[in-house]
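# Results of the structural survey
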Amino acid sequence: MTQPHETRPHEAELRRLPDRAEISEVQTRYATGTDSRDWELFRGCFTDEVEADFSEGFGQPVIRFQSALAGEDAV
C-alpha cells in the first residue's frame, strides 16, 4: 500500500525561502564589499543595535548591544 505524497510545500517552508534569499544577499554584499574595498557596502551588512532576550531560557536580563561600527564613516 502506498501512502499519499503531499506535493504542496508547507507554509513554514515557503516562508523560509525569502529568509534564505535575504541571508544569501547579505553574504554576497559582505564578500563584494570586502573584495572591492567598498566599505559602505560592507558596513551595510551590520545593524547598529541588537536586543537579545534569553531571559526565559537562561534567567538573564535582556541584553542590548551597540555596534562598534555605529556612526563610523569607514571601517
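As a convention, each chain's residues are numbered from 1 in the sequence order in which they are written. Thresholds applied to this predicted model are a pLDDT of at least 70 for local features of residues and 80 or more for the giving and counting of side-chain atom pairs; totals over whole chains, interfaces and linings are not thresholded and use all residues. Excluded from the side-chain calculation are hydrogens and water; included are all heavy atoms of the structure.

For the rest of this paragraph, the subject is the pattern of salt bridges. For salt bridges, the criterion is a side-chain nitrogen of Lys or Arg within 4 Å of an Asp or Glu carboxyl oxygen. All told, the structure shown has three salt bridges when counted by the stated rule. Residues Arg 15 and Glu 11 are paired through a salt bridge, measuring 3.9 Å at the closest nitrogen-oxygen approach. Of this pair, Arg 15 and Glu 11 both sit in helix α1 (residues 11–35), four residues apart, which is roughly one turn of the helix. For the pair shown, Arg 15 and Glu 11 are each scored as exposed. Notably, a salt bridge pairs Arg 64 with Glu 51, separated by 3.0 Å at the nearest N-O pair. In this pair, Arg 64 sits in strand β2 (residues 63–66) while Glu 51 sits in strand β1 (residues 49–52), placing the two residues 13 residues apart along the sequence. For the pair Arg 64 and Glu 51, one class covers both residues: exposed. Secondary structure counts use DSSP, requiring at least four H or I residues in a row for a helix and at least two E residues in a row for a strand, with both numbered from the N terminus. A 1.4 Å probe rolled over the protein chains alone gives each residue an accessible area, and that area as a share of the maximum for its type sets the label: buried under 20%, exposed over 50%, partly exposed in between.

Between its terminal C-alpha atoms α1 stretches 37 Å, which fits the 36 Å expected from 25 residues at 1.5 Å a residue. At the exit of α1 stands Arg 37, carrying a positive phi of roughly 55°. By definition here, a helix of n residues has an expected span of 1.5 Å times n minus one.

Here we come to the packing of aromatic side chains. We call Phe, Tyr and Trp rings a pair once their centres come within 6.5 Å, taking the six-membered ring for Trp, and we label the pair stacked below 30 degrees between planes, edge-to-face above 60, and tilted otherwise. In the structure shown here, the tally under the stated rule is five aromatic pairs. The interplanar angle of 70° and the centroid separation of 6.2 Å between the aromatic rings of Tyr 30 and Phe 46 together place this pair among those described as edge-to-face. A residue pair is termed long-range when its members are at least 10 positions apart, and Tyr 30 in helix α1 and Phe 46 in the loop between α2 (39–43) and β1 qualify at 16 residues. A relative accessible area of 41% means that Tyr 30 is categorised as partly exposed. By relative accessible area, Phe 46 is classed as partly exposed at 38%. Measuring from centroid to centroid gives 5.3 Å for Phe 42 and Phe 46, while their planes differ by 65°, and the two rings are edge-to-face. Cluster of aromatic residues (ring-pair linked, three or more members): Tyr 30, Trp 39, Phe 42 and Phe 46.

Further remarks concern the confidence of the model for the protein. Averaged over every residue, the pLDDT of the protein is 82; the share at 70 or more is 81%. A residue's pLDDT is the confidence the predictor assigns to it, expressed on a 0 to 100 scale. Per-element confidence in the protein is highest for α1, whose mean pLDDT is 93, and lowest for β2, whose mean pLDDT is 82.

With a phi angle near 55°, Arg 37 is a residue other than glycine that sits in the positive phi range. Structurally, Arg 37 is set in the loop between α1 and α2.

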